[in-house]
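One letter stands for each residue in the lines below.
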Amino acid sequence: MLMKNINVLIVEDENDIANIIRDYLSVHQFDSHIVRTGHEAILYLQESAPDFVILDLSLPDCDGIEICRKIREHSNVAILILSARGSDTDKVLGLGFGADDYMTKPFSLSELVARINAHLRRQDRWLQDHDVQKDVIHIDNIVINKQEYLFLRDNKPIPLSAKEFELLFFLAKNRNQVFSKSQLLDAVWGYDTYGDENTITVYIRRLREKVEINPSHPVYLQTVWGVGYKFSTSNHV
């Protein structure tokens, strides 16, 4: 895996669960820091730069989804929501506010580590690609700069989370090629065994709101019914 020590922030108010996660991650050579409130999480992130965040939704001082939103305003760190809430609504809300992954309690510690490793491996490969390829994609009034994780529309920067950018870049680089949801999970998230295909639906909707002039009638991020999605340039190259 990666050579440097990986730091994981655990935002969990249940002491037993937080300590079990910390101890298990320690066995797998992760450094962990536990905070028990949303306020403590924000303070920690203002002073430190963890490589991964495990975020409980039910915190004593606020809703974890709100903390996820606040983190995304300033950081692209990978966020995995860990919650006793298992409804699709909570999953969609969490992913909609910038989470990269979602697990429900009770959960498998080995699966948790597998998901963390998958996200980190994918990010590591992405960074290695930056060293080899300085890709900048220009399509109409759109610029997608992989080296700087920069997205411009009409010369104006529009903020994207790390996973939003990676999904957009992958589709744009392979424009006019159709990918299934499972293929996109594997390509961008680095796994498909544990992936929830609803993740792709949520991210495509969020990207359309930022990429398309009219998200209800997308020109670029098109759905191919029964198959998946593609970045279309058929009418404007």
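Heads up: the structure comes first, above all this text.
(A) Quick peek at the packing of helix α6 (residues 162–173) against helix α8 (residues 198–211). Look at α6 against α8: their axes get within 10 Å of each other, and the N-to-C directions meet at 80 degrees. Looking at the two axes, α6 sits roughly perpendicular to α8. Note on element contacts: α8 touches α6 through Tyr203, Ile204, Arg206, Leu207, Lys210 and Val211, opposite Lys163, Glu164, Leu167, Leu168 and Leu171. Residue classes in the contact of α6 with α8 are distributed as 7 nonpolar, no polar and 4 charged.

(B) Just the environment of Ser182, in detail. Turning to its location among the elements, Ser182 is positioned in helix α7 (residues 181–189). A residue is classified by how much of its surface remains accessible, and Ser182, at 28% relative accessible area, is partly exposed. When the C-alpha positions of Ser182 and Ile200 are compared, they lie 8.6 Å apart, and in sequence the two are 18 residues distant. There is a polar contact of 3.1 Å between the side chain of Ser182 and the side chain of Ser180.

(C) Highlighting the sheet that holds strand β6 (residues 136–139). As summarised here, the arrangement of the 4 strands in space is β6-β7-β8-β9, forming an open sheet in which the pairing is antiparallel. At either end of the open sheet lies a strand with only one pairing partner, and these are β6 and β9 (156–157). Examined bridge by bridge, β6 and strand β7 (residues 142–145) share 4 bridges and lie antiparallel to one another. Residue pairing in the sheet places Ile139 in a bridge with Ile142 of β7. Sheet strands in contact with α6 are β6, β7 and β8 (150–153), and its direction is about 110 degrees off that of β7.

(D) Representation of the packing of aromatic side chains in the model. Summed over all chains, the structure comprises 5 aromatic pairs. Centroid distance Phe170 to Phe179: 4.7 Å. Interplanar angle 55 degrees. Geometry classified as tilted. Of the two residues, Phe170 and Phe179, both sit in the buried class. Taken together, the ring pairs connect Tyr149, Phe165 and Phe169 into an aromatic cluster. The aromatic ring of Tyr203 is capped on one face by Arg206, whose charged end is 4.4 Å from the ring centroid.

(E) Focus on the nonpolar core. Residues Ile144 and Leu168 are the most contacted members of the largest nonpolar core, which totals 52 residues. Sort the elements by how many residues they give to this core and α6 lands first, with 8 residues. Residues Ile6, Ala18, Phe52 and Leu112 belong to the second largest nonpolar core, which totals 19 residues.

(F) Structural detail: the sheet that holds strand β1 (residues 6–11). Spatially, 5 strands are ordered β2-β1-β3-β4-β5 in an open sheet, and the strand pairing comes out parallel. One side of each edge strand has no neighbouring strand; the edge strands of this open sheet are β2 (30–35) and β5 (101–104). Strand-to-strand, the axes of this sheet are offset by a mean angle of 20 degrees, without reference to chain direction. Here strand β4 (residues 78–83) runs beside β5; their pairing, made up of 4 bridges, is parallel.

The rules behind these values
- Residues numbered from 1 in each chain as written.
- Predicted model: local features only at pLDDT ≥ 70, side-chain atom pairs only at ≥ 80, totals over all residues.
- Heavy atoms only, no water.
- Axes fitted to C-alpha atoms, helices over the stretch in contact; angles between N-to-C directions.
- Helix = DSSP H or I, 4+ residues; strand = E, 2+ residues; numbered from the N terminus.
- Parallel < 35°, antiparallel > 145°, perpendicular 65-115°, else oblique.
- Contact = heavy atoms within 4.5 Å.
- Nonpolar A, V, L, I, M, F, W, Y, C, P; charged D, E, K, R; others polar.
- Buried < 20%, exposed > 50% of the residue type's maximum accessible area, 1.4 Å probe, protein only.
- Polar contact = N/O pair within 3.5 Å; in protein donor to acceptor, adjacent residues only side chain to side chain.
- Pairing = 2+ DSSP bridges.
- Phe/Tyr/Trp six-rings, centres within 6.5 Å; stacked < 30°, edge-to-face > 60°.
- Lys NZ or Arg CZ within 6 Å of the ring centre and 35° of its normal.
- Core = buried A, V, L, I, M, F, W, Y, C linked by side-chain atoms within 4.5 Å.

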